[in-house]
Amino acid sequence: MDAAEFKEKVIPLSGKLFHFARLLLKDQAEAEDSVQEIFLKLWKMRNELSEYSNLEAFAMRVTRNWCLDRLKAKKPVYIESYSLGYDLHSETNNPLKMLENTDQLKAVRKHMQTLPEQQQTAIQLRDIDGFEYEEIASIMGMNVNAVRVTLSRARNSIREHLLKIGNYGHPANQNPARQI
Amino acid sequence: MDTRQIKILLDRYNRAETSLGEEQILREYFSGLSEIPAELEPYRTTFRYFDSMRRSSVQKPELERKLEGLIDREQDGRPVIMLNRKVIRWISVAALAILISTTVLIVNKNRKPDLGTFEDPEMAYQEAQRTLLYISQTLNHSTKELSNISKINSGVENLKNLDKLNSGMDKLKLISKLNETATNENKY
């Protein structure tokens, strides 16, 4: 794989890898640094890259392993410090988005961050990035069945949490989600 | 798609048994503005959250440019130094330390003791002469030590005797002839 091909096929994955790295590392700056180092690593193994049928899934796997190693090497991450680090709605001029209840969306994100890393990753890869079960299995290094179990737990946990904080359709009511 | 079918899909969604296509159907259902049963509201929130995350996870052109630059440099064989934030932090700490220590040094150096000054030009001239004389004396004293360098020549003279070593070596060559005759004799 030469530079032109690398730029065409691999570099465009950087946005996705960056968001994945940020999810795992809970730190914007560190995620950006990591992505650069991951790409340097991918570039150095460019000759083997064409052997992977699913380049995207492979790059995601490299990213996940890299981030998990990095997390292992340092002190425990305090999830709270990241919680509202970037704005969920930076483009508020979209009227459709104005309709969305941002408090509830924030509540979902906040709850997401309390989930185990595997569940967060499974949700990210499936519900946000839209990978197939087999791809997720290969990225996370587990079998498809385990992926389904993890994903199912995460989805149920989010739904139960939303039901608990509740009061759907009555925004005027005292809504515990607002107090978070 | 009616609510009953959606609920069936949601059950399978919760067990993570839905295909990507089926999840797309759910996504479209919840992104619409139509009324939905109250018990499905949590799903609407969840799917909207996923949508908002997907929209924010678009490509990052400035990151891509940075990475392309990185690849170009790496391809040209130029060294790639990862200036990540950790390194930058250390560099700034070091730079600050150097800055502080140089400032302290300069300030200390400028705080010379008061040497006094002469109002009368005649006295100033005499004092300057005295100081210069002192300097030249000390200088002469030091150059005397350097005169010993001439002794090095006599030492080098002695080295000429090394030539004699050569003539001795020539004589030793005769020994090699001895070896030849010895091997010749062995052949017979």
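Residues numbered from 1 in each chain as written. Chains lettered and ligands numbered in written order. Predicted model: local features only at pLDDT ≥ 70, side-chain atom pairs only at ≥ 80, totals over all residues. Heavy atoms only, no water.

Draft legend 1. Molecular detail of the overall build of chain B. Each helix and strand in chain B was counted, giving eight helices and zero strands. Along the chain direction, N to C, the helices and strands of chain B fall in the order α-α-α-α-α-α-α-α. Residues counted as buried form 19% of the 188 residues belonging to chain B. Pairs at least 24 residues apart make up 30% of the contacts formed inside chain B by residues separated by at least 6 positions. Of the roughly 15000 Å² of accessible surface on chain B, a fraction of 60% belongs to carbon and sulfur atoms. (Helix = DSSP H or I, 4+ residues; strand = E, 2+ residues; numbered from the N terminus. Buried < 20%, exposed > 50% of the residue type's maximum accessible area, 1.4 Å probe, protein only. Contact = heavy atoms within 4.5 Å. Areas by Shrake-Rupley, 256 points an atom, 1.4 Å probe, with all protein chains shown as cover.)

Draft legend 2. Spotlight on the packing of aromatic side chains. Summed over all chains, the structure comprises eight aromatic pairs over all chains. A centroid spacing of 3.8 Å and a plane angle of 20 degrees characterise the contact between Tyr52 of chain A and Phe58 of chain A, whose relative ring orientation is stacked. According to the relative accessible area criterion, Phe58 of chain A is buried, its value standing at 7%. Taking 5.3 Å as the distance between ring centres and 40 degrees as the angle between the ring planes, the aromatic pair formed by Tyr13 of chain B and Phe47 of chain B counts as tilted. Taken together, the positions of Tyr13 of chain B in helix H1 (residues 3-14) and Phe47 of chain B in helix H3 (residues 41-56) put the pair 34 residues apart, joining distant regions of the chain. The same class applies to Tyr13 of chain B as to Phe47 of chain B, namely buried. An aromatic cluster is built from Tyr13, Tyr29, Phe30, Tyr43, Phe47, Tyr49 and Phe50 of chain B, whose rings are joined through pairwise contacts. Above the face of the Tyr133 of chain A ring, Arg126 of chain A is positioned so that its terminal group lies 3.8 Å from the ring centre. The ring of Tyr13 of chain B carries Arg155 of chain A above its face, with NZ or CZ at 3.6 Å from the centroid. (Phe/Tyr/Trp six-rings, centres within 6.5 Å; stacked < 30°, edge-to-face > 60°. Lys NZ or Arg CZ within 6 Å of the ring centre and 35° of its normal.)

Draft legend 3. Examining the pattern of salt bridges more closely. According to the stated counting rule, one finds 16 salt bridges over all chains in the structure shown. Across the pair Lys7 of chain A and Asp72 of chain B runs a salt bridge whose closest N-O atoms are separated by 2.8 Å. Of this pair, Lys7 of chain A sits in helix H1 (residues 3-9) while Asp72 of chain B is found in helix H4 (residues 61-75), placing the two residues in two different chains. In this structure, Glu127 of chain B engages Arg130 of chain B in a salt bridge whose closest nitrogen and oxygen atoms are separated by 2.9 Å. Taken as a pair, Glu127 of chain B and Arg130 of chain B lie in helix H6 (residues 121-146) at a separation of three residues, close to a single helical turn. Salt bridges linked by common partners bring Arg126, Asp127 and Arg155 of chain A together with Glu23 of chain B together as one network. (Salt bridge = Lys/Arg side-chain N within 4 Å of Asp/Glu carboxyl O.)

Draft legend 4. Just the nonpolar core, in detail. Phe6, Phe39 and Leu42 of chain A together with Leu10 and Phe30 of chain B are the most contacted members of the largest nonpolar core, which has 70 residues in total. Setting aside residues up to four positions removed in sequence, Phe39 of chain A forms contacts with Phe6, Val10, Ile11, Leu13, Ser14 and Leu17 of chain A together with Leu67 and Ile71 of chain B. (Core = buried A, V, L, I, M, F, W, Y, C linked by side-chain atoms within 4.5 Å.)

Draft legend 5. Summary view of the side chain of Thr63 of chain A. All names here are of chain A. Mapped onto the elements of the fold, Thr63 is located in helix H5 (residues 55-73). Judged by its relative accessible area of 0%, Thr63 falls in the buried class. Contact partners of Thr63, with chain neighbours within four places excluded, come to Leu17, Phe20, Ala21 and Ile38.

Draft legend 6. Highlighting the interface of chain A and chain B. The interface is formed by 50 residues belonging to chain A together with 42 residues belonging to chain B. Where chain A abuts chain B, roughly 4400 Å² becomes buried across the two surfaces, and 63% of that area is made up of carbon and sulfur atoms. At the boundary of chain A and chain B, one finds four salt bridges. A salt bridge links Glu23 of chain B to Arg155 of chain A; the shortest N-O distance between them is 3.4 Å. Where chain A meets chain B, there are 14 residue pairs in polar contact (both at pLDDT 80 or more). Examining the composition of the side of chain A that touches chain B, we find that eleven residues originate from one element, helix H3 (residues 28-44) of chain A, more than from any other. Residue composition of the side of chain A that touches chain B, grouped by class: 26 nonpolar, nine polar and 15 charged. (Buried area = accessible area lost by both parts, 1.4 Å probe. Polar contact = N/O pair within 3.5 Å; in protein donor to acceptor, adjacent residues only side chain to side chain. Nonpolar A, V, L, I, M, F, W, Y, C, P; charged D, E, K, R; others polar.)

Draft legend 7. Layout of helix H9 (residues 133-140) of chain A. Listed in full, the buried residues belonging to H9 of chain A are Tyr133, Ile136, Ala137, Ile139 and Met140 of chain A. The arc that holds every buried residue of H9 of chain A, seen down its axis, measures 165 degrees, which confines them to one face. Looking at the buried positions of H9 of chain A, the neighbouring elements they touch are helix H2 (14-25), H5, helix H8 (117-128) and helix H10 (144-165) of chain A together with helix H2 (20-31) of chain B. (Arc of directions from axis to C-beta.)

Draft legend 8. Summary view of the environment of Leu105 of chain A. Residues and elements named next belong to chain A. Mapping Leu105 onto the fold places it in helix H7 (residues 102-112). Judged by relative accessible area, which is 2%, Leu105 ranks as buried. For the pair formed by Leu105 and Leu162, sequence separation is 57 residues and the distance between their alpha carbons is 10.0 Å.

Draft legend 9. Just a nonpolar patch on the surface, in detail. Residues and elements named next belong to chain B. A cluster of nonpolar residues, Val156, Leu159, Leu162, Leu165, Met169, Leu172 and Ile175, forms a patch on the protein surface that exposes about 700 Å² of accessible area. At the level of elements, helix H7 (151-159) and helix H8 (162-187) are the ones that each hand at least two residues to the nonpolar patch. Ranked by residues supplied to the nonpolar patch, first place goes to H8 with five residues. Relative to the helices and strands, Val156 resides in helix H7. Note on Val156: relative accessible area 46%, which makes it partly exposed. (Patch = residues over 30% accessible without salt bridge, like charges linked within 9 Å, V, L, I, M, F, W, Y side chains within 5 Å.)

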